[in-house]
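What follows is the residue order along each chain.
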Amino acid sequence: MTILRVAALAIAACVAAVGPALAQDATSLKKTMPGQWELSTTERSKTCVVTMKSDAAGQGFKLELEPACKTALPFTKDIVAWSVRGLDIVRLQDATGEAVIDFTEVEAGIFEGLRQGEGVYILQDLAAARSMAKSMDQMIGDWSMVRGNGQPVCGLTLTNTEAGPDNFQVFLKPKCDAGIAQFNPTQWRLERGQIILMSKSGDVWQFEADDNAQWRRVPDTADPLIMLRQ
């Protein structure tokens, strides 16, 4: 296991230990939320900067949306304030105090919200989002899948051709390993720093960047599968 993965697991364990206490503390949320946040689709193809403030505004607190928000995410045109509801819900609300979208914390500093008929959106600290994000442009192109011993087992191409909400087309090259050919991914996306490959049958493979600038399938195994940019 790489040093990076060991550190990540340690951090995740700490977050898991303290997460419930933080999530239930509405007072803490009111203190920690003011600042700049990125509101985005799960793979960050559409993003919007939200600046939350601690000044009271009607039934909530003031916020500012960058001008591009209404184009990138049209539903944001109705958002005029933010508030904390219940113990752990961060609400972006309209002028009447009704929810435009409600978020709950799923990881430290990362919130998820669902809009019916549209899908899941992510709210994340702006600086963290920008430092952690992998550019779509860097992902598009030819890749090779290899085993831990460096033996090539498949080639594939990630494209920017849309293949459904938040997903893009992926193509396998000829002469792939039987297991990969059977999986036969047809779509991919970036989600929380992972490359997600999906088959027509709904199977999902996840790859995370390691400290050698490679993308390893997770969970890790004794015979790892690694994606390398060509």
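First, a word on what this report is: a plain description of the structure on this page. Residue indices begin from 1 for each chain and proceed along its sequence in written order. Side-chain atom pairs in this predicted model are given and counted only at pLDDT of 80 or more, local residue features only at pLDDT of at least 70, and totals for whole chains, interfaces and linings cover all residues. Here the side-chain values reflect all heavy atoms present in the structure, with hydrogen atoms and water set aside.

### Focus: the overall build of the protein
Consideration 1: A run of H or I in DSSP counts as a helix once it spans at least four residues, and a run of E counts as a strand once it spans at least two, with each numbered from the N terminus. A tally of regular secondary structure across the protein gives six helices and 16 strands.
Consideration 2: Note on classification: 1.4 Å probe, protein chains only; a residue is buried when its accessible area is under 20% of the maximum for its type, exposed when over 50%, partly exposed between these limits. Put simply, the protein has 230 residues, and 37% of those count as buried.
Consideration 3: For this analysis, residues touch if any pair of their heavy atoms sits within 4.5 Å. Sequence separation of at least 24 residues holds for 37% of the intrachain contacts in the protein that already meet a minimum separation of 6.

### Points about the pairing of strand β8 (residues 119-125)
Consideration 1: Any two strands with at least two DSSP bridges between them are considered paired. Here strand β1 (residues 35-41) runs beside β8; their pairing, made up of five bridges, is antiparallel. By the bridge assignment, E38 is partnered in β8 with Q124.
Consideration 2: In the sheet, strand β7 (residues 110-115) pairs with β8 via six bridges, with the strands oriented antiparallel. Residue pairing for β8: I110 is matched across the bridge by Q124.
Consideration 3: The turn joining β7 and β8, which pair antiparallel and follow one another in sequence, is formed by three residues; a positive phi near 85° is taken by G117.

### A word on the nonpolar core
Consideration 1: Each nonpolar core is a collection of buried residues, namely Ala, Val, Leu, Ile, Met, Phe, Trp, Tyr and Cys, held together in the definition by side-chain atoms within 4.5 Å. Counting residues in each nonpolar core, the largest one holds 23 residues, and the members touching the most others are M33, L39, M52, L92 and F103.
Consideration 2: At the level of secondary structure, the elements contributing two or more residues to this core comprise α2 (26-32), β1, β2 (47-57), β4 (81-85), β5 (89-93), β6 (99-107) and β8.
Consideration 3: Residues contacting F103, with those up to four places away along its chain left out, are L39, D88, I89, V90, L92, F111, E112, G113, Y121, I122 and L123.

### Here's the deal with the sheet that holds strand β9 (residues 141-147)
Within a sheet, adjacent strands bond to each other through the backbone by hydrogen bonds, running parallel or antiparallel.
Consideration 1: If you walk around this closed barrel you meet the eight strands as β9-β10-β11-β12-β13-β14-β15-β16, and the pairing is antiparallel. If you compare each strand with its neighbour and ignore which way they point, the axes differ by 30° on average.
Consideration 2: Here β9 pairs with strand β10 (residues 152-162) via six bridges, running antiparallel. Considered in β10, the bridge of W143 is made with L156. Geometry is summarised by axes, namely lines fitted to C-alpha atoms with helices restricted to the contacting stretch, and by angles between N-to-C directions that run from 0 to 180 degrees.

### Some words on the state of the cysteines
Consideration 1: When two cysteine sulfur atoms lie within 2.5 Å, the pair is treated as a disulfide. Following the criterion strictly, the structure yields two disulfides and no others.
Consideration 2: A disulfide bridge connects C154 with C176, and the sulfur atoms are separated by 1.9 Å. Because the torsion about its S-S bond is 55°, the bridge between C154 and C176 counts as right-handed. With C154 in strand β10 and C176 in the loop between β11 (168-172) and α6 (178-183), this pair connects stretches of sequence that are 22 residues apart.

### Remarks on the packing of aromatic side chains
Working definition: an aromatic ring pair is given by the centre-to-centre distance plus the angle between the planes.
Consideration 1: Aromatic pairs are defined between Phe, Tyr and Trp rings, using the six-membered ring for Trp, whenever the two ring centres lie within 6.5 Å; interplanar angles under 30 degrees are classed as stacked, those over 60 as edge-to-face, and all others as tilted. Counted under the stated rule, the structure contains five aromatic pairs.
Consideration 2: Between W37 and F111, the aromatic rings sit 5.7 Å apart at their centres with planes inclined by 75°, giving edge-to-face as the arrangement. Note that W37 is positioned in strand β1 and F111 in strand β7, a separation of 74 residues in sequence. Here the two residues W37 and F111 agree in accessibility, since each one is buried.
Consideration 3: A centroid spacing of 4.9 Å and a plane angle of 35° characterise the contact between F61 and W82, whose relative ring orientation is tilted. With F61 in strand β3 (residues 60-65) and W82 in strand β4, this residue pair connects regions lying 21 residues apart in the sequence.
Consideration 4: Accessibility expressed as a relative area gives 21% for F61, which makes it partly exposed.
Consideration 5: Against the face of W205 rests R217, its NZ or CZ located 4.0 Å from the ring centre. Only Lys NZ and Arg CZ are tested; either one counts as a charge over a ring when it is within 6 Å of the ring centre and within 35 degrees of the ring normal.

### Examining the sheet that holds β5
Consideration 1: Read around the closed barrel, eight strands run β1-β2-β3-β4-β5-β6-β7-β8, paired in antiparallel fashion. Strand-to-strand twist in this sheet, taken as the mean axis angle between neighbours without regard to direction, amounts to 35°.

### Describing the pattern of salt bridges
Consideration 1: Basic side-chain nitrogens of Lys or Arg form a salt bridge, by our definition, when they fall within 4 Å of a carboxyl oxygen of Asp or Glu. In this structure the tally under the stated criterion is nine salt bridges.
Consideration 2: Across the pair R115 and E118 runs a salt bridge whose closest N-O atoms are separated by 3.0 Å.
Consideration 3: Note that D223 is salt-bridged to R147, the shortest N-O span being 4.0 Å. Of this pair, D223 sits in the loop between β15 (215-218) and β16 (225-229) while R147 sits in strand β9, and the two are 76 residues apart along the sequence.
Consideration 4: By relative accessible area, which is 44% here, D223 ends up partly exposed.
Consideration 5: Residues joined by salt bridges that share partners form a network here, namely R147, D177 and D223.

### What to know about the environment of T42
Consideration 1: As for its position among the elements, T42 is in the loop between β1 and β2.
Consideration 2: On the basis of relative accessible area, T42 is assigned to the buried category, the value being 15%.
Consideration 3: Each C-alpha atom of the pair T42 and N167 lies 10.0 Å from the other, and the pair is 125 residues apart in sequence.

Spatial relationships are all this shows, so hold off on functional conclusions.
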